[in-house]
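# A closer look at the structure
Each chain, letter by letter, is given below.
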Amino acid sequence: MSVRIQLDNPHSFYTNLDYISGRVILSLTHDETISAIVVKLEGESGTILMRPSPRQHPELYTRREQRRDQRQGIAMENHKILYRLSQVFPSSVVNAQRSAGAYTLGASTYEYPFRFKIPINNSCHDPRTQQMVGGGFAGLGLSGLAQMQYIHVKKTLPPSLTGFPGEAEIRYYIKVTVQRPSLFKENRRASTGFKFLPIEPPRPAPTTNEVFARRPYDFQSVQAYRRKSSVFSKKSAPLSDTAPKGEVDARLPSPAILTCNDPLPLRILVRKTRESAEQVLLTSVHAELWGYTDVRAQDVTRTEKSNWPILNLNSLSIPVGKPGDALGTETIVNKELWDRIPLPNTIAPSFETCNLARRYELEIRVGLGYGVREEIQPQTIVLPLNFKVDIYSGIKPPEALLSAMATSHPPVPTRPTAPPMDPAYPPQLGTPAAAQVEDAPPSYEDAMAEDITPADGPRREYSGVTDENAPGLDEKGPSGSAPRYEDISKGG
């Protein structure tokens, strides 16, 4: 027996409201007894972190916790952020022999179509999803109990994400299970991964407002700067006694939103604040994006820092303004230096989910000098300018969804005050206490999106996952390759 999944018209990546369809291809070389074939649409957000060693941080632990930590030095979380089921066999019409809830299929090749619609929000917060994931006795197996004890948030599904081997990842799959009733024959399984990039949230109406970062510059006068001379050096032009002084602004549209695979919507302005006969020159422009990934696994947190160079221009000698400009004159640097350079396609949009979050900062460094163009400037200054930015995927939501959100104003449900809860004994489903800790019902966005067609428009490239079919965290051993904190401290 062999089973595999064949997707119809595979996309480079999928997004919210997309339909993902395909066929389960089951090949039998002899008669087999099968009870059911179930296809799952799954998304997982997994994290694994090492707890700090109590030997190095005894002040953080009681004696009881130190003994427990020696046994449980690994903190793990695996959220089923997406979970949908579809039973493709048996169907209403089955051409097979039935016996005690099972069916005997003859040797042949069988195909069973499936189709899912990807929702907008994650589903791990939903008790119904927890019950489906759990299985086991009364619908609550070990996985379901683990989901109940995790801290959940209700957010838009996050993008596929790798880059932190053995520590954190977000993956999406189509999985199939061929269930066999015999205790001596294991179920057959197959899976295929796919990349996911979410639609962007509704953008605010465009305005002329801008956010800015500003730094002053003040060059030293020529008397304060003594230049080294050489018999081989070219005689430089004389400089005035008054060096330039001013301010540099870097500006982004407000709110500060960047778009995947788009150039920076950046403006750089140089303002004159002191009279000087010298020419100010732009000598360098650098842009770098810093990403901060907040990783949480139970009571352990860690922030991973990544960076992407966007722009690296050196050895420039571009005049900025004119020496005769009046005080307060603002000169805009030509944006053609950067307006054709898109963000790398490995950058994921900003997101937040139960155990992972990604946020960004943009650093702009502007280098200035003064003097005569094409000559060595007596002094150069590099000014760092920083922004906190959000990054959107660039996949616009359907107009029908935006219109429905604008016209719908569902009442906000009131939630009763929950009594103190011991995390070791969470309320069980179906009990009165469970109603006090359950999250709100599925959002009205998901309810409205049921009849809305997928997003239509250009989709940018995304390569946030190196291999969507690579082994997951739970397939790399109990601890993956999560860094140990004692190893970090030894390394300096």
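Note that the structure is a prediction, hence the values are computed from the model and not measured. (Residues numbered from 1 in each chain as written. Predicted model: local features only at pLDDT ≥ 70, side-chain atom pairs only at ≥ 80, totals over all residues. Heavy atoms only, no water.)

Turning our eyes to something else, we now look at the overall build of the protein. Across its full length, the protein holds seven helices and 22 strands. Put simply, the protein has 492 residues, and 44% of those count as buried. When the accessible surface of the protein is split by element, carbon and sulfur atoms take 51% of a total near 26,600 Å². (Helix = DSSP H or I, 4+ residues; strand = E, 2+ residues; numbered from the N terminus. Buried < 20%, exposed > 50% of the residue type's maximum accessible area, 1.4 Å probe, protein only. Areas by Shrake-Rupley, 256 points an atom, 1.4 Å probe, with all protein chains shown as cover.)

Here we come to the environment of Asn307. Inspection of the secondary structure puts Asn307 in strand β17 (residues 300-313). If we ignore the near neighbours within four places in the chain, the residues touching Asn307 are Glu288, Leu289 and Trp290. A distance of 2.4 Å separates polar atoms of two side chains, one belonging to Asn307 and the other to Glu288. (Contact = heavy atoms within 4.5 Å. Polar contact = N/O pair within 3.5 Å; in protein donor to acceptor, adjacent residues only side chain to side chain.)

So, about the sheet that holds strand β19 (residues 330-332). Strand order in the open sheet formed by four strands is β12-β13-β15-β19, with antiparallel pairing between adjacent strands. Pairing within the sheet leaves two strands with one partner each, and these edge strands are β12 (210-218) and β19. Strand-to-strand twist of the sheet, defined as the mean angle between neighbouring strand axes without regard to direction, takes the value 25°. One ladder, built from six bridges, connects strand β13 (residues 245-253) with strand β15 (residues 267-272); its direction is antiparallel. Bridge pairing in β15 links Glu247 to Arg271. (Pairing = 2+ DSSP bridges. Axes fitted to C-alpha atoms, helices over the stretch in contact; angles between N-to-C directions.)

One side chain can pair with another of opposite charge once the charged atoms of both are near each other. Taken as a whole and assessed by the stated rule, the structure comprises 25 salt bridges. Measuring nitrogen to oxygen at the nearest pair gives 2.8 Å for the salt bridge that ties Lys80 to Glu42. Remark: Glu42 occurs in strand β4 (residues 36-50) and Lys80 occurs in strand β5 (residues 74-89); sequence separation between them is 38 residues. Glu42 carries the same exposure label as Lys80, and that label is buried. When the shortest N-O distance is used, the salt bridge between Arg302 and Glu304 registers 2.7 Å. This pair shows no difference in class: Arg302 is buried, exactly as Glu304 is. If you follow the salt bridges from partner to partner, you end up with Glu210, Arg214, Glu247, Asp249, Arg251, Arg267, Arg271 and Glu330 in one network. (Salt bridge = Lys/Arg side-chain N within 4 Å of Asp/Glu carboxyl O.)

With that settled, the discussion passes to the packing of aromatic side chains. Enumeration over the complete set of coordinates arrives at nine aromatic pairs. Taking 6.1 Å as the distance between ring centres and 45° as the angle between the ring planes, the aromatic pair formed by Phe114 and Phe116 counts as tilted. Judged on exposure class, the residue Phe114 and its partner Phe116 are both buried. With a centroid separation of 6.0 Å and an interplanar angle of 50°, the aromatic rings of Trp308 and Tyr360 are classed as tilted. You can see Trp308 sitting in strand β17 and its partner Tyr360 sitting in strand β21 (residues 356-371), a full 52 residues away along the chain. Each member of the pair, Trp308 as well as Tyr360, carries the same accessibility label: buried. (Phe/Tyr/Trp six-rings, centres within 6.5 Å; stacked < 30°, edge-to-face > 60°.)

Strand order in the open sheet formed by three strands is β1-β2-β8, with antiparallel pairing between adjacent strands. Of all the strands in the sheet, just β1 (2-7) and β8 (109-117) have a single pairing partner and so form its edges. Averaged over all neighbouring strand pairs, the angle between strand axes comes to 20°, with direction disregarded. Relative to β8, strand β2 (residues 19-27) is paired through nine bridges, and the arrangement is antiparallel. If you follow Ser27 over to β8, its bridge partner there is Thr109.

On to the nonpolar core, then. Considering soluble globular proteins, one finds that nonpolar side chains tend to be buried as a cluster. Ranked by internal contacts, the top residues of the largest apolar core, which has 95 residues, are Leu26, Ile37, Ile174, Leu289 and Ile364. Setting aside its immediate chain neighbours within four residues, Leu289 contacts Leu258, Ser306, Asn307, Trp308, Ile310, Ile347, Tyr360, Glu361, Leu362, Val389 and Ile391. (Core = buried A, V, L, I, M, F, W, Y, C linked by side-chain atoms within 4.5 Å.)

In this structure, Arg358 sits in strand β21. Arg358 sits in the buried class, given a relative accessible area of 5%. Discounting residues that sit within four places of it in the chain, Arg358 has contacts with Leu161, Phe164, Gly291, Tyr292, Thr293, Trp308, Ala348, Pro349, Ser350 and Phe351. A polar atom in the side chain of Arg358 sits 2.8 Å from the side chain of Tyr360.

Relative to the assigned elements, Asp249 resides in strand β13. By relative accessible area, Asp249 is classed as buried at 0%. C-alpha separation for the pair Asp249 and Arg267, spaced 18 residues apart in sequence, amounts to 8.0 Å. For Asp249, the residues in contact, after removing those within four places along its chain, are Phe212, Ala213, Arg214, Arg267, Ile268, Leu269, Arg271 and Leu385. At 3.1 Å, the side chain of Asp249 forms a polar contact with the side chain of Arg251. At a separation of 3.3 Å, a polar atom in the side chain of Asp249 contacts the side chain of Arg271.

Another point: the confidence of the model for the protein. A low pLDDT means the predicted coordinates there should not be read in detail. When pLDDT is averaged along the protein, the result is 81, and 74% of the positions lie at 70 or above. The low-confidence segment residues 477-492 (pLDDT under 50) makes 28 contacts with residues lying over four places distant or belonging to another chain. (pLDDT = per-residue confidence, 0-100.)

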